[in-house]
Amino acid sequence: MKNSRFTLRLAAMTMLVGGGLLTGVGCIAETGDPEADEITVDEPGQEEAAASTGPVQYHRCNTRDVSETEILAIDFEVAQFMAKTKQSTQQKPGAGSTPQAVTGGTIPVYFHVINNGTGISNGDITTQMINDQINVLNAAYAPTGWSFSLVSVDRTTNASWYTAQPGTTAETQMKNALRQGSADDLNLYTNNMGGGLLGWATFPSDYTKAPSMDGVVILFSSLPGGTAAPYNLGDTATHEVGHWMGLYHTFQGGCVKSATGGDAVSDTPAEKSAAFGCPVGRDSCTSIAGADPITNFMDYTDDACMNTFSGGQDTRMDSQFTTYRFGK
């Protein structure tokens, strides 16, 4: 990849490290190991069921539990790598190559449409829907300095891949056949995964052990103009790409009392559980300052309710991309 696509910085970054092995996303964020990423779909609770206005009860996410040990290991690795970028400003010219930090840039997108035949009802989404999805991503990530450029679109008719879920043979076959680019290229797949799922993603730290599995998969009807209301404005992709960039859910760790909270970001208030709908004023951790971040893209609220990444999340995406994706 050409470095000119990204905004480089050789000085130290003020960062909130952490990342990688968590699962998540409207979604399932995978570890990258197909055998480990088995999916179990719980019956929706009353709060989640009430969030859906249609007959299908959508699951913003079904995640595996992540141990503190896993999280700390990723935090440590990111901190070490970012420390090297800090040291680069103290070295003399010609002292050797030093990792560069990125604070934004343009990410190429390879879009893979998996369908079960012709027509939108079979998942064969229109070019306009794809372009609208890229526009939604660009609008959401613009304040962070990141943008997305559609490189190519391919369409595949395959009944097995059309209903592929995370951790299945069908997913592995689909990605092995279609994935393009390297660690800093986004491969975005659409299909009809079923089970009420909206999507899943891999994290930056997963890339080295399973590069062919890297990417984001979303329900085709969650794209702008789709039928998966209230999740049909394109922000399932925004949420999933957030995981691909290294973000956790805002409710990760619940009402944990620590400087960076359970999501390793200090400026997203602690949240006891995922929020659905758009519950203005919800405060599920009353003993900790700050109302729940229901408008954050990494919560589970309706698409129309989501509109924000925090400054801390922006910094985290930069450090995660620098450590695990840039130039890899």
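Preceding this section is the structure that the text describes.
What counts, and where the lines are drawn
Residues numbered from 1 in each chain as written. Predicted model: local features only at pLDDT ≥ 70, side-chain atom pairs only at ≥ 80, totals over all residues. Heavy atoms only, no water. Helix = DSSP H or I, 4+ residues; strand = E, 2+ residues; numbered from the N terminus. Contact = heavy atoms within 4.5 Å. Core = buried A, V, L, I, M, F, W, Y, C linked by side-chain atoms within 4.5 Å. Buried < 20%, exposed > 50% of the residue type's maximum accessible area, 1.4 Å probe, protein only. Polar contact = N/O pair within 3.5 Å; in protein donor to acceptor, adjacent residues only side chain to side chain. Phe/Tyr/Trp six-rings, centres within 6.5 Å; stacked < 30°, edge-to-face > 60°. Salt bridge = Lys/Arg side-chain N within 4 Å of Asp/Glu carboxyl O.

(A) Layout of the overall build of the chain. Along its length, the chain carries 7 helices and 7 strands. Going from N to C terminus, the chain has its helices and strands arranged as β-β-α-α-β-α-β-α-α-β-β-β-α-α. Taking the intrachain contacts of the chain between residues at least 6 apart in sequence as the baseline, contacts between residues at least 24 apart amount to 75%.

(B) Representation of the nonpolar core in the model. By size, the foremost hydrophobic cluster in this structure holds 55 residues, and its most contacted members are I107, Y141, W146 and F321. Grouped together as the second largest cluster of nonpolar side chains are 6 residues, I74, M82, A101 and Y324 included.

(C) Structural context of the side chain of T301. Structurally, the position occupied by T301 is in the loop between helix 6 (235-244) and helix 7 (311-324). The buried category is assigned to T301, whose relative accessible area is 0%. Among the polar contacts listed, one links the side chain of T301 to the backbone oxygen of I294, at a separation of 2.8 Å. In this view, T301 contacts R60, Y231, A275, F276, G277, P279, I294 and M306; residues no more than four positions away in its chain are not counted.

(D) Spatial organisation of the packing of aromatic side chains. One pass over the full model with this rule turns up 10 aromatic pairs. Arranged with centres 6.1 Å apart and planes meeting at 90°, the rings of Y58 and Y231 form a pair that is edge-to-face. Of the two residues, Y58 is situated in the loop between helix 1 (46-51) and helix 2 (68-87) and Y231 in the loop between strand 7 (216-219) and helix 6; the sequence distance between them amounts to 173 residues. In this pair, the class of Y58 matches that of Y231, namely buried. Ring centres of W146 and F321 lie 4.6 Å apart, and the angle between their planes is 45°; this geometry places the pair in the tilted category. Within this pair, whereas W146 is found in strand 4 (residues 146-157), its partner F321 is found in helix 7, the two being separated by 175 residues in sequence. W146 sits in the buried class, given a relative accessible area of 1%. Classification of F321 by relative accessible area gives buried; the value is 0%.

(E) Geometry of the pattern of salt bridges. Evaluated as defined, the whole model comprises 6 salt bridges. Residue R155 is joined to D124 by a salt bridge in which the shortest nitrogen-to-oxygen separation is 2.8 Å. Here the residue R155 occupies a position in strand 4, and D124 occupies one in the loop between strand 3 (101-115) and helix 3 (127-141), the gap between them amounting to 31 residues. Between R325 and D214 there is a salt bridge; the shortest N-O distance is 2.9 Å. Placement of R325 in the segment after helix 7 and of D214 in the loop between strand 6 (199-202) and strand 7 is noted, with a sequence separation of 111 residues between them. For D214, a relative accessible area of 1% corresponds to the buried category. Among the ionic contacts, a cluster of salt bridges with common partners joins R179, D214 and R325.

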